[in-house]
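# Close look at the chain arrangement
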Amino acid sequence: MKKKITLSIMSACCFSVLGIHAQGVAIDFSQYEGTQIYNSDFEDWSGKNYPNAPVGWHSFETVGGNPLFVSFAKSKLHTSKNTTNLHDGTTGKSCLKLVPRDLSLALANGTITTGRMNAGAGVATDSNNHAWMDISNTESADGHPYYALLNERPTALSVWVKFTQGTPQAEHPYATVSAAITNGKRYQEPTANNDSSVVIGYAQNKQISTNGGQWQHLYVPFRYNSKNFNKTDEPKAIMVTFSTNADPGQGSAGDVLLIDDLELVYTQSVTIPESGVATLTNVAMKNHKVVIPEGITAYTLEANAQGDLMVKDTYQAGQVLPYHAAVLLKGAPGSYDFLTTLYGKEEAIKAEGDYCMVPASELNTPTTQYKYYRLGTSNGVPCFQAASYGLKVQEKEALLRVKAEKAAENYPYVYVKPQVKGDLNDDGRVNITDATLVVTKLLGNNPTGKFFLNDSDVNEDRTINISDVVELVNIILHSH
């Protein structure tokens, strides 16, 4: 299991020179991964005694229960297998193949779980046949316990699956996945409502279709608000279970469920302050991506030949923040949810550039290779002031890092153009409202709304004055 590392949101301190105040927050994603289930990409098959199941996952090889039925269950072919039939975009080399077992008198669904399989009856629908988990259980398989620890509340379960039926079953056409987050006490599935008091959150998709025999990416949200769920205890474990059919003992002997790249998805709430700007760093997010929420525009920053800090690329809601880049967020003050998921091969991870945002902890080590800068605002305009070794900064603050040969003394402003020239409020139109924003700025007031940065410099002369109002009026007149 990966180490739990939390997201930090810190308010930057004020600069005491040049009238520059750091009013943005520094959002550091650099160490955030969120707790994940061990071997959830199904790459590790190194189990010495149970090599037909991915390490940390359990199927009929390690089944327990009634000795008679356990012996019978273990005597047949394995339902869990390693395969290289992979989905497009994966960076892995193997995935899980799950198949049912024909027991002559009945069909046993192919099932795998982070808990333990229990064989207790000869009828598939009997509740003595189930998967179960209890963190007080000291048994293990190849040193891996029959449970997976989890002390967080993920937003959803993300997984790639490919399901085919050997013989189409009109009344039982679906495979299934479920995930129960518990307080660590004994839990089993399928389950009755009488033991749901151990469940804190639950995710399930009982309608995994064949999808024309193609791979599909599932996003299964967790529910935490059921009236039967435990509202008091903290999460301690998670039991994820896959089966080749949503109905016990159903399906056909030729069914195949391929499973790969399971990921627990986390949503982090981030607050944009009154300044409307914030920095973040995701330099260590080599396996995860951060998705921009609605209401936020993100910019990557680089300096031009004159040393002015400029916007290189613009990213809108739904797009993925670039890895290892200097990123500036802007949006109306408020709280926003950033979603983190896995990178795919099709989403290129950019190499290190001359400009990027890094945690302030880098200042603890003297260097001549880089220069560091802190986000501030001057008269409502974002700027970056030099931050040198020994300067007291917030531990998780995100700083702009620039290679020394490219660095300037300071960056007194960040020049951000609107996507449409003159559209200062980003509503897709250029009209009198945009001109009013500039006038409001000239009168010494910070306009309210979605955002307001240097994009009020409409004529691009590096000065915000009445000429910008005139330029805007000309744009409006010529647009009608």
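Residues numbered from 1 in each chain as written. Predicted model: local features only at pLDDT ≥ 70, side-chain atom pairs only at ≥ 80, totals over all residues. Heavy atoms only, no water.

Turning our attention to the overall build of the protein. In terms of helices and strands, the protein carries three helices and 31 strands. Burial analysis of the protein (480 residues in total) assigns 52% to the buried set. Sequence-distant contacts, at least 24 apart, represent 74% of the contacts inside the protein between residues at least 6 apart. On the protein, roughly 21600 Å² of surface is accessible, and the fraction owed to carbon and sulfur atoms is 49%. (Helix = DSSP H or I, 4+ residues; strand = E, 2+ residues; numbered from the N terminus. Buried < 20%, exposed > 50% of the residue type's maximum accessible area, 1.4 Å probe, protein only. Contact = heavy atoms within 4.5 Å. Areas by Shrake-Rupley, 256 points an atom, 1.4 Å probe, with all protein chains shown as cover.)

Further remarks concern empty space enclosed by the protein. Within this structure, the stated rule accounts for four cavities of 30 Å³ or more. Of the voids in this model, the largest cavity is the one considered here, and its volume is about 110 Å³. Contributing to the lining of the largest cavity are 14 residues, with Tyr50, Pro54, Trp57, Ala141 and Asp142 lying nearest its centre. A per-class count over the lining of the largest cavity returns six nonpolar, six polar and two charged. (1 Å grid on protein atoms, 1.4 Å probe; cavity = no way out; pocket = protein on both sides within 12 Å on 5 of 7 lines; lining within 4 Å. Points joined across faces, edges and corners; volume = space filled by probe spheres on them. Nonpolar A, V, L, I, M, F, W, Y, C, P; charged D, E, K, R; others polar.)

Trans peptide bonds make up most of the peptide bonds, and negative phi angles are found at most residues other than glycine. Cis rather than trans, the peptide bond between Glu189 and Pro190 has omega equal to 5 degrees. Along the chain, the position of Pro190 falls in the loop between strand S16 (187-189) and strand S17 (199-208). Phi is positive for Asn39, which is not a glycine, with a value near 60 degrees. By relative accessible area, Asn39 is classed as buried at 7%.

Moving on, we get to the pattern of salt bridges. Applying the stated criterion across every chain, the model contains five salt bridges. Between Glu302 and Lys312 there is a salt bridge; the shortest N-O distance is 3.5 Å. Separated by ten residues along the polypeptide, Glu302 in strand S23 (residues 296-303) and Lys312 in strand S24 (residues 309-315) bring together distant segments of the chain. (Salt bridge = Lys/Arg side-chain N within 4 Å of Asp/Glu carboxyl O.)

This brings us to the sheet that holds strand S9 (residues 116-119). The strand order across the open sheet formed by four strands is S3-S9-S10-S16, and the pairing between neighbours is mixed. The sheet is open, and its two borders are formed by strand S3 (64-65) and S16, each paired with just one other strand. (Pairing = 2+ DSSP bridges.)

Here strand S30 (residues 398-403) lies mainly inside the structure; five of its six residues are buried. When strand S27 (residues 355-359) meets S30, the two strands line up antiparallel, connected through five bridges. Within S30, the position partnered with Val358 by the bridge is Leu399.

Here the focus is the side chain of Thr35. If you trace the backbone, Thr35 turns up in the loop between strand S2 (25-28) and S3. Within the structure, Thr35 has its side chain in polar contact with the side chain of Glu152 (distance 2.5 Å). (Polar contact = N/O pair within 3.5 Å; in protein donor to acceptor, adjacent residues only side chain to side chain.)

Counting 31 residues, the largest nonpolar core has Ile238, Val240, Phe242 and Leu262 as its most contacted members. For this core, the leading source of residues is strand S20 (residues 256-272), giving five residues. The residues touching Phe242, leaving out its near neighbours within four places in the chain, are Trp57, Leu98, Gly110, Thr111, Ile112, Val159, Thr176, Val177, Leu257, Ile259 and Leu262. Counting residues in each nonpolar core, the second largest holds 19 residues, with Tyr187, Val198, Phe229 and Ala237 among its members. (Core = buried A, V, L, I, M, F, W, Y, C linked by side-chain atoms within 4.5 Å.)

To continue, consider the packing of aromatic side chains. Aromatic ring pairs: the centre-centre distance and the angle between the two ring planes describe each pair. In total, this model carries four aromatic pairs according to the counting rule given. Note on Phe42 and Trp57: the rings are 5.1 Å apart at their centroids and 45 degrees apart in plane angle, and the pair reads as tilted. Placement of the pair is Phe42 in the loop between S2 and S3 and Trp57 in the loop between S2 and S3, with a sequence separation of 15 residues. With a relative accessible area of 0%, Phe42 lands in the buried category. Judged by its relative accessible area of 2%, Trp57 falls in the buried class. One aromatic cluster is present, formed by Phe42, Trp57 and Phe242 through successive ring pairs. (Phe/Tyr/Trp six-rings, centres within 6.5 Å; stacked < 30°, edge-to-face > 60°.)

As a further point, take the environment of Gln216. Of note, Gln216 is situated in strand S18 (residues 216-221). Under the relative-accessibility criterion, Gln216 is labelled buried at 15%. Here the alpha-carbon distance between Gln216 and Lys162, two residues 54 residues apart in the chain, equals 6.2 Å. Discounting chain neighbours no more than four positions away, the residues touching Gln216 are Val159, Trp160, Val161, Ile208, Ser209 and Asn211. From its side chain, Gln216 meets the backbone oxygen of Ser209 in a polar contact 2.9 Å long.

Now for a nonpolar patch on the surface. On the surface, Leu442, Ile466 and Val470 cluster together into a nonpolar patch covering about 260 Å² of accessible area. Relative to the elements of secondary structure, Val470 occurs in helix H3 (residues 466-478). For Val470, a relative accessible area of 47% translates into the label partly exposed. (Patch = residues over 30% accessible without salt bridge, like charges linked within 9 Å, V, L, I, M, F, W, Y side chains within 5 Å.)

Right, let's talk about the environment of Leu321 for a bit. Relative to the elements of secondary structure, Leu321 occurs in the loop between S24 and strand S25 (327-331). The exposure class of Leu321 is buried, given its relative accessible area of 2%. Separated by 23 residues in the primary sequence, Leu321 and Ala298 place their C-alpha atoms 7.7 Å from one another.

Moving on, we get to the confidence of the model for the protein. On average, residues of the protein score 80 in pLDDT, and 79% of them reach the 70 mark or higher. Confidence, read as mean pLDDT per element, is least for strand S1 (residues 8-11) in the protein (31) and greatest for strand S19 (residues 237-243) (97). Low pLDDT, under 50, characterises residues 1-20; the predicted model gives this stretch 65 contacts beyond four residues in sequence or across chains. Low pLDDT, under 50, characterises residues 448-453; the stretch is placed with 19 contacts to residues that sit more than four places away or in other chains. (pLDDT = per-residue confidence, 0-100.)

Right, let's talk about helix H2 (residues 432-442) for a bit. Listing the buried residues of H2 in full gives Asp434, Ala435, Leu437, Val438 and Lys441. Considered in projection along H2, the buried side chains sweep an arc of 150 degrees and stay on one side of the axis. (Arc of directions from axis to C-beta.)

At their nearest, the axes of H2 and H3 sit 9 Å apart, and the two run at 175 degrees to each other. Considering their axes alone, H2 and H3 lie roughly antiparallel with respect to each other. Side by side, H2 and H3 meet where Ile432, Asp434, Ala435, Val438, Val439 and Leu442 of the first sit next to Ile466, Asp468, Val469, Leu472 and Ile476 of the second. Considering only residue class, the contact of H2 with H3 consists of nine nonpolar, no polar and two charged. (Axes fitted to C-alpha atoms, helices over the stretch in contact; angles between N-to-C directions. Parallel < 35°, antiparallel > 145°, perpendicular 65-115°, else oblique.)

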